[in-house]
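# An overview of the molecular structure
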Amino acid sequence: MIFDGYKICVLSGFAGFTKMSGEIISKNISKNGGTIIPLPQARNQTSNLTLIIVPEQSDEKMILKVMNLTSLPSCPLVSPNWAINSTNSKTLHDPNDYQIKKTELPIKRQSPQTYQSPPQSPFEAYKTLPLVPLSNSPEMNRTQTNPILNQNNTRLHDDLLQNKDKYMFTKEQPNLNEHITSVLEILMENYFLLRDRGRGFAYRSAIIVLKSHPEKIICGDQVGNLQKVGKKIKKKIQEILETGTLKRVKAMDEQSRLKAIKEFSKIWGVGSATADKLFTLGYRTLDDLRKNIPQFLNDNQRICLELFDEIKERIPREEVKEISDQVVEYAKLLLPNKDIEANTCGSYRRGKETCGDIDILLTFDDVLENKLFLRELVDYLIEKKVVTHVLILSENCKKHESFTFEGIAKKPDGLHRRLDIKIYPRKYYAWALMHFTGSANFNRSIRLFAKNKGLKLTDEGLFPAIRSHGETICGGNLVECYTEEDIFRLFDMPYKPPEQRDL
DNA sequence: TGACAGCGGTA
DNA sequence: TACCGC
DNA sequence: GTCA
Ligand SMILES: O=c1ccn([C@H]2C[C@H](O)[C@@H](COP(=O)(O)OP(=O)(O)OP(=O)(O)O)O2)c(=O)[nH]1
Ligand SMILES: [Mg+2]
């Protein structure tokens, strides 16, 4: 193990080095024999540390502030690239070559290890092979396995680790038009709440286009002929650029009906229709609801009203990981002989600092033979006081292949948090991972792309879509994919890391 | 003038 | 089918 | 609201 004996503290979350990157590096160091010392402990025993990994762009002042120390520790400060390159090449690189500060290292230069050619990731191997072209041609509806994807890769992996170097430092392609989309999003939400689905869809489509636009729009004529942005929306953009807001939004803010509906619909299980009904019954605020709980609210809606103040809070990334780790630990305890692949998805996987909920994907073989597993896991989590409420516990009734839990969990002294667990058999891993990583708008976008090619993309695969009057009659699986890269390749698209799927 | 992603659960 | 949420 |  290349990092054997190394005690390393990883500082992240500043100077352009994200916490997610820090987590990935830490995970890799542990996997390769190193010991990660968390910051709180590291503070008290800096002399015990072999080295500290700090952001490439950090300086002394920032590091002192993050570590809450008055003077720099004696151990070397090393760039994350040291760990990345070492793990990638499976040889220990000399930390001296990666020092952030020029202080001489007490570490002695290691003699180079016996050379091993770095094992190519399956994805790398595909790179040199010809792409399988997509087409609408009728041959497509034959169930066929892609010979390229079929070659060697049956091993699942946490692609977060596999692709770390691909995106850890890749420049994010952030939404350059947030100044516009943030306003349009309010409009979109309002229209959906008012059940004006037409305008809701219109703004949603335009927002997706604007968020993907590689250029910041600062003047009206830059809009040009962006898809889905027609005369009316162009005018709205113009107004936003001039005034920073929209008269239409201001006017809507005055509507007491909309204001109340918006409030009510934040409760899990309460949508626009129920919210509207509540308003008609005379309710105006959440407190009105709490004082006099409407009879027609079901159990789940009541639970989520009760816990509203806690559930509404966003969850710090660290806590998402803690609860995930708990859930996964119990899952593995329950099926000790299974090789369970666990991924925390949703906004967590996309690298967000805070998340609306916790989305856990569990994958293993023979899900069908373990129909009762999710039920057992949930019972176990309830017993262990991790899960406090069950909202939905279901098995995919038609085929009994995938399973979903939606509920509420918390850590011992923590707030109540929304928790989703999904279980899929291995053959759906890549599709389910992509689905559950989102974002929802990213899914809409790529699914529409597939649809326009005569295909149907779901959490279970890519299928030929033979449609008659909106009905979809589909044949078998189009192609097996084992990694998200495989899926992007199928679409002939460059791989997009999760953090760039934030549409 | 229909579609705007595609799916499962609940009532 | 309407509604709701992932 | 926008597009095919
Ligand atoms: O309408 C939806 C909602 C969700 N998803 C997928 C993508 C999404 O990323 C994932 C998890 O859903 P969630 O509602 O938790 O969204 P999130 O992206 O994790 O954001 P948040 O931070 O609000 O949880 O499920 C969809 O495909 N369609
Ligand atoms: Mg989520």
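Please read all numbers here as calculations on a predicted model, not as lab measurements.

Let us look at the overall build of chain A. The helix and strand tally for chain A stands at 23 helices and 14 strands. Once local pairs closer than 6 in sequence are excluded, the contacts in chain A between residues at least 24 apart make up 64%. When the accessible area of chain A is evaluated, it comes to approximately 25600 Å², of which 50% is carbon and sulfur surface.

Attention now goes to the pairing of strand 10 (residues 403-409). Within strand 10, seven of the seven residues are buried, which leaves the element mostly enclosed by the surrounding structure. Along strand 10, one buried face is formed by F403, F405, G407 and A409 and the opposite face, lined by T404, E406 and I408, is buried too. Sheet topology places strand 10 next to strand 11 (residues 417-425); seven bridges connect them, and they run antiparallel. When the bridges of strand 11 are listed, I408 appears paired with R418.

At their nearest, the axes of helix 9 (residues 178-193) and helix 12 (residues 247-254) sit 10 Å apart, and the two run at 45° to each other. Our classification of the angle between helix 9 and helix 12 gives oblique. At the point where helix 9 passes helix 12, the crossing takes the left-handed sense. Where helix 9 approaches helix 12, its residues V183, I186, L187, N190 and Y191 are matched on the opposing element by R248, V249 and M252. Its residues assigned to classes, the contact of helix 9 with helix 12 comprises six nonpolar, one polar and one charged.

What follows concerns the coordination of the magnesium ion (ligand 2). Only D357 (OD) and D359 (OD) from the protein coordinate the magnesium ion (ligand 2), and they sit 1.9 to 2.1 Å from it. A relative accessible area of 9% places D359 in the buried class.

The next subject is the site of ligand 1. In the vicinity of ligand 1, 16 residues are found, and the nearest of them are S347, R350, G356, D357 and N443. With respect to ligand 1, the side chain of D357 contributes an N or O atom lying 2.7 Å from an oxygen atom. Within the contact set of ligand 1, an oxygen atom lies 3.0 Å away from a side-chain nitrogen or oxygen of D359. Listed by contribution, the elements that provide at least two residues to the shell around ligand 1 are helix 19 (346-349), helix 21 (429-437) and helix 22 (440-451). Its residues placed into classes, the shell around ligand 1 shows three nonpolar, eight polar and five charged.

Angle between the axes and distance between the axes: these two values describe a pair of packed helices. Across the interface, helix 13 (residues 256-264) lies against helix 14 (residues 272-280) with an axial gap of 9 Å and an inter-helix angle of 125°. Regarding the angle of helix 13 to helix 14, the classification is oblique. Every pair of crossing elements has a handedness; the one defined by helix 13 and helix 14 is right-handed. In this structure, helix 13 contributes S256, R257, A260, I261 and F264 to the contact, and helix 14 contributes A275, D276, L278, F279 and T280. For the contact of helix 13 with helix 14, the residue count by class is six nonpolar, two polar and two charged.

This structure, assessed with the given rule, holds 27 salt bridges. Between K19 and E318 there is a salt bridge, with its nearest N and O atoms 3.1 Å apart. In this pair, K19 sits in helix 1 (residues 19-31) while E318 sits in helix 18 (residues 317-334), placing the two residues 299 residues apart along the sequence. For E318, a relative accessible area of 37% puts it in the partly exposed group. The salt bridge partner of R257 is D276, with a shortest N-O separation of 3.1 Å.

The next thing to look at is the protein's contact with DNA strand D. Lining the immediate surroundings of DNA strand D are G198, R199, A202, K228, G230, K231, K232 and I233. Near the protein, meaning within 4 Å, the atoms of DNA strand D are sugar or phosphate in a fraction of 67%, with bases accounting for the rest. Contact between DNA strand D and K228: a phosphate oxygen at 3.3 Å from a main-chain N or O atom of the residue. A distance of 3.1 Å separates a phosphate oxygen of DNA strand D from a polar backbone atom of G230. Elements with a contribution of two residues or more to the surface near DNA strand D: helix 10 (197-212) and helix 11 (231-243). Counted by class, the surface near DNA strand D contains two nonpolar, two polar and four charged residues.

Time to look at the side chain of D359. With respect to the helices and strands, the residue D359 is situated in strand 8 (residues 358-364). If near-sequence neighbours (up to four positions away) are discounted, D359 is found in contact with N343, T344, C345, G346, S347, D420 and F436.

Here the UniProt feature "active site" (unreviewed entry) sits at K236. Relative to the helices and strands, K236 resides in helix 11. A relative accessible area of 15% places K236 in the buried class. Look past the residues within four positions of K236 in its chain and what remains in contact with it is L184, L187, Y203, L246 and R248.

Quick look at the UniProt feature "domain: BRCT" (unreviewed entry) in chain A now. Mapped onto this numbering, the UniProt entry annotates "domain: BRCT" (unreviewed entry) at residues 1-100. Strand forms 11% of residues 1-100 and helix 37%; the C-alpha atoms that close the span are 25 Å apart.

For the rest of this paragraph, the subject is a positive patch on the surface. Taken together, the side chains of K231, K232, K235, K247 and R248 make up a positively charged region of the molecular surface. Looking at the positive patch, the elements that each hand over two or more residues are helix 11 and helix 12. Broken down by element, the residue count for the positive patch peaks at three residues, all from helix 11. Judged by its relative accessible area of 64%, K232 is exposed.

Per the counting criterion, the structure on display carries 10 aromatic pairs. On the numbers, 5.4 Å between centres and 75° between planes, the contact of F488 with Y495 is edge-to-face. A residue is classified by how much of its surface remains accessible, and Y495, at 16% relative accessible area, is buried. Aromatic rings pair up to connect F3, Y6 and W82 into one cluster. One cation-aromatic arrangement involves R317 over Y348; the distance from NZ or CZ to the ring centre is 4.0 Å. Over the aromatic face of F436 sits the side chain of K422, whose NZ or CZ is 5.3 Å from the ring centroid.

What counts and how
- Residues numbered from 1 in each chain as written.
- Chains lettered and ligands numbered in written order.
- Predicted model: local features only at pLDDT ≥ 70, side-chain atom pairs only at ≥ 80, totals over all residues.
- Heavy atoms only, no water.
- Helix = DSSP H or I, 4+ residues; strand = E, 2+ residues; numbered from the N terminus.
- Contact = heavy atoms within 4.5 Å.
- Areas by Shrake-Rupley, 256 points an atom, 1.4 Å probe, with all protein chains shown as cover.
- Buried < 20%, exposed > 50% of the residue type's maximum accessible area, 1.4 Å probe, protein only.
- Pairing = 2+ DSSP bridges.
- Axes fitted to C-alpha atoms, helices over the stretch in contact; angles between N-to-C directions.
- Parallel < 35°, antiparallel > 145°, perpendicular 65-115°, else oblique.
- Left-handed = near helix turned anticlockwise from the far one by under 90°.
- Nonpolar A, V, L, I, M, F, W, Y, C, P; charged D, E, K, R; others polar.
- Donors = N, O, S within 2.8 Å, 3.2 Å for Na, K, Ca; no water.
- Near = heavy atom within 4 Å.
- Polar contact = N/O pair within 3.5 Å; in protein donor to acceptor, adjacent residues only side chain to side chain.
- Salt bridge = Lys/Arg side-chain N within 4 Å of Asp/Glu carboxyl O.
- UniProt positions renumbered as here; feature names shortened; annotations may be inferred.
- Patch = residues over 30% accessible without salt bridge, like charges linked within 9 Å, V, L, I, M, F, W, Y side chains within 5 Å.
- Lys, Arg positive; Asp, Glu negative; His and termini not counted.
- Charge placed at Lys NZ, Arg CZ, Asp CG, Glu CD.
- Phe/Tyr/Trp six-rings, centres within 6.5 Å; stacked < 30°, edge-to-face > 60°.
- Lys NZ or Arg CZ within 6 Å of the ring centre and 35° of its normal.

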